[in-house]
Amino acid sequence: MTEPIDTPPAKPAMGMLERRGIEAAILKPVYEEMAARLGEAVAQDILGAAITRAAVESAAAFAATEPNGTSLKSFADLQPLWTKDDALRLEVLHQDETRFDYNVTRCRYAEMYREMGLGHIGHLLSCNRDAAFCTGYDPSIKMERTQTIMQGASHCDFRYRVDKPQG
């Protein structure tokens, strides 16, 4: 078994924006070769499946480091890894033990992928990880999002709920 891409880093932690930039630079020529040989649709299916699997494995690795088990609070406490370096600007709307709602009003991930010429697959490289991360971290945490900056919206609307009591 390979090590998950997002293994919890040692302190000081590399932010996810920097990490995603490194990953995207490595994946770009691989994706381009797959698209040339297999077509865009198949290349995107392969990339999407691989990144989703990596997100679930990564989340499980993060969950394994939680000394008191996972919760919506421990999940929310991970957010600084994704917001580091002003990667995301968040407007928190509600946060308690069963609900965590926020909007992303700026996404430097989307900006970075567009600058790299990868805007058309940015949703595969980042956005599609989000729900999969919940699955691997704590399956009782459910995410709903109806729009993303990556795909042209003014903001991303993240809504997390705990599906059943934790503990």
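Since we're looking at a predicted model, the values are computed, not measured. (Residues numbered from 1 in each chain as written. Predicted model: local features only at pLDDT ≥ 70, side-chain atom pairs only at ≥ 80, totals over all residues. Heavy atoms only, no water.)

Draft legend 1. Representation of the packing of aromatic side chains within the structure. Enumeration over the complete set of coordinates arrives at twelve aromatic pairs. A ring pair is formed by Phe 75 and Tyr 137, whose centres lie 5.8 Å apart and whose planes are at 55°; its orientation type is tilted. You can see Phe 75 sitting in helix H3 (residues 72-76) and its partner Tyr 137 sitting in helix H7 (residues 129-137), a full 62 residues away along the chain. Taking relative accessible area as the criterion, Phe 75 reaches 4% and is therefore assigned buried. Among the residues examined, Tyr 137 registers a relative accessible area of 3% and is labelled buried. (Phe/Tyr/Trp six-rings, centres within 6.5 Å; stacked < 30°, edge-to-face > 60°. Helix = DSSP H or I, 4+ residues; strand = E, 2+ residues; numbered from the N terminus. Buried < 20%, exposed > 50% of the residue type's maximum accessible area, 1.4 Å probe, protein only.)

Draft legend 2. Molecular detail of the sheet that holds strand E1 (residues 88-95). Pairing is antiparallel in the open sheet, where four strands are placed in the order E1-E2-E4-E3. Both outer strands of the open sheet, E1 and strand E3 (141-144), are each paired with one neighbouring strand and no more. On average, each strand axis in the sheet is tilted by 20° relative to the strand beside it, whichever way the strands run. The strands touched by helix H5 (residues 108-115) are E1 and strand E2 (99-107); relative to E2, the strand with the most contacts, the crossing angle is about 40°. Across the sheet, H7 lies against E3 and strand E4 (156-162), angled at about 175° from E3, the strand it touches most. (Pairing = 2+ DSSP bridges. Axes fitted to C-alpha atoms, helices over the stretch in contact; angles between N-to-C directions. Contact = heavy atoms within 4.5 Å.)

Draft legend 3. Region of interest: the environment of Ala 49. Take Ala 49: it is sitting in helix H2 (residues 40-64). According to the relative accessible area criterion, Ala 49 is partly exposed, its value standing at 48%. Taking C-alpha positions, Ala 49 is 9.7 Å from Asn 128, a pair spaced 79 residues apart along the chain.

Draft legend 4. Broad picture of H2. Under the 1.5 Å per step criterion, the end-to-end length of H2 is 36 Å for 25 residues, consistent within 8% with the ideal 36 Å. On the buried face of H2, the contacting elements are helix H1 (16-38), helix H4 (79-83), helix H6 (122-127) and H7. (Expected span 1.5 Å × (residues − 1).)

Draft legend 5. Main features of the packing of H1 against H2. Packing of H1 against H2 leaves a shortest axis separation of 9 Å and a crossing angle of 150°. Classified by the angle their axes make, H1 and H2 are roughly antiparallel. Here H1 runs over H2; the crossing is right-handed. Taking contact as the criterion, the partners of Met 16, Leu 27, Tyr 31, Met 34, Ala 35 and Leu 38 in H1 are, on H2, Glu 40, Val 42, Ala 43, Gln 44, Ile 46, Leu 47, Ile 51 and Phe 62. (Parallel < 35°, antiparallel > 145°, perpendicular 65-115°, else oblique. Left-handed = near helix turned anticlockwise from the far one by under 90°.)

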